[in-house]
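Geometric and topological summary
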Amino acid sequence: HGPNSVENEPKKLLTLLKLDHEIEIDVWYVQNKFYLGHDMPEYEIDESFLEHSGLWIHCKSAKTLEYMNQYKKHLNYFYHTDEDYVLTSKGYIWCYIGKPALTNSVVVMPEKCYGVYRKEELESKNCIICSDYMGELIRFE
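Residues numbered from 1 in each chain as written. Predicted model: local features only at pLDDT ≥ 70, side-chain atom pairs only at ≥ 80, totals over all residues. Heavy atoms only, no water.

1. Section: the overall build of the chain
Scanning the chain for helices and strands turns up three helices and nine strands. The order of α-helices and β-strands along the chain, N terminus first, is α-β-β-β-β-α-β-β-β-β-α-β. Put simply, the chain has 141 residues, and 39% of those count as buried. For the chain, the share of sequence-separated contacts (at least 6 apart) that also reach a separation of at least 24 residues comes to 33%. When the accessible surface of the chain is split by element, carbon and sulfur atoms take 50% of a total near 8,500 Å². (Helix = DSSP H or I, 4+ residues; strand = E, 2+ residues; numbered from the N terminus. Buried < 20%, exposed > 50% of the residue type's maximum accessible area, 1.4 Å probe, protein only. Contact = heavy atoms within 4.5 Å. Areas by Shrake-Rupley, 256 points an atom, 1.4 Å probe, with all protein chains shown as cover.)

2. A closer look at the nonpolar core
Ranked by size, the top nonpolar core spans 19 residues in total, and within it I25, L36, L50 and I57 carry the most contacts. Listing elements by their share of this core, those giving two or more residues are helix 1 (10–18), strand 1 (23–30), strand 2 (33–36), strand 3 (43–45), strand 4 (55–59) and helix 2 (62–71). Broken down by element, this core gets its largest block of residues, four residues, from strand 1. (Core = buried A, V, L, I, M, F, W, Y, C linked by side-chain atoms within 4.5 Å.)

3. Observations regarding the packing of aromatic side chains
In the structure shown here, the tally under the stated rule is seven aromatic pairs. Both rings, one in W56 and one in Y92, keep their centres 5.0 Å apart while their planes meet at 65°; by these two values the pair is edge-to-face. With W56 in strand 4 and Y92 in the loop between strand 6 (85–87) and strand 7 (93–95), this pair connects stretches of sequence that are 36 residues apart. Here W56 falls in the buried class, since its relative accessible area comes to 7%. A residue is classified by how much of its surface remains accessible, and Y92, at 30% relative accessible area, is partly exposed. Ring geometry for Y67 and Y71: centres 4.8 Å apart, planes at 45°, overall tilted. In this pair, Y67 and Y71 are both assigned in helix 2, four residues apart and thus about one turn of the helix distant. Taking the relative accessible area as the measure of exposure, Y67 reaches 12% and is therefore buried. Three or more aromatic residues link up through ring pairs in this structure, and these residues are Y29, F34, Y67 and Y71. (Phe/Tyr/Trp six-rings, centres within 6.5 Å; stacked < 30°, edge-to-face > 60°.)

4. Regarding unusual backbone geometry
The phi torsion at D20 lies on the positive side, around 70°, for a residue other than glycine. As for its position among the elements, D20 is in the loop between helix 1 and strand 1. Since its relative accessible area comes to 71%, D20 is described here as exposed. The backbone phi angle of N104 is positive, close to 60°, even though this residue is not glycine.

Just distances and angles here, no functional claims.
Here's what the structure looks like:
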């Protein structure tokens, strides 16, 4: 129901995973430890946390991406800052907010881009929606 100060809190995420939600998480690898947190490492987690099914792992640093690519190739991870599109480790195209949807892409926060996306187009292109408002109806043109 929107972004909040505990959106990367491990217990909250585990609750959502138990409800069969897929979740984008922000992961940092710092001094041989893993953390969750959007702008900085906040919540230390055990490496096994990353093995939960349904996670879209947003590597928040080059060091995190390097570790994932060396030791966690089986997981679904990606790294981006402000690129229009990046490819996840599982072959999905991660679209920057407001960029045109591509086939098999993840459309991020369509609620911030009213009029950019049509529901029929997203369905025909087999798109996935990533939003802080998945519990609410997302308006399309």
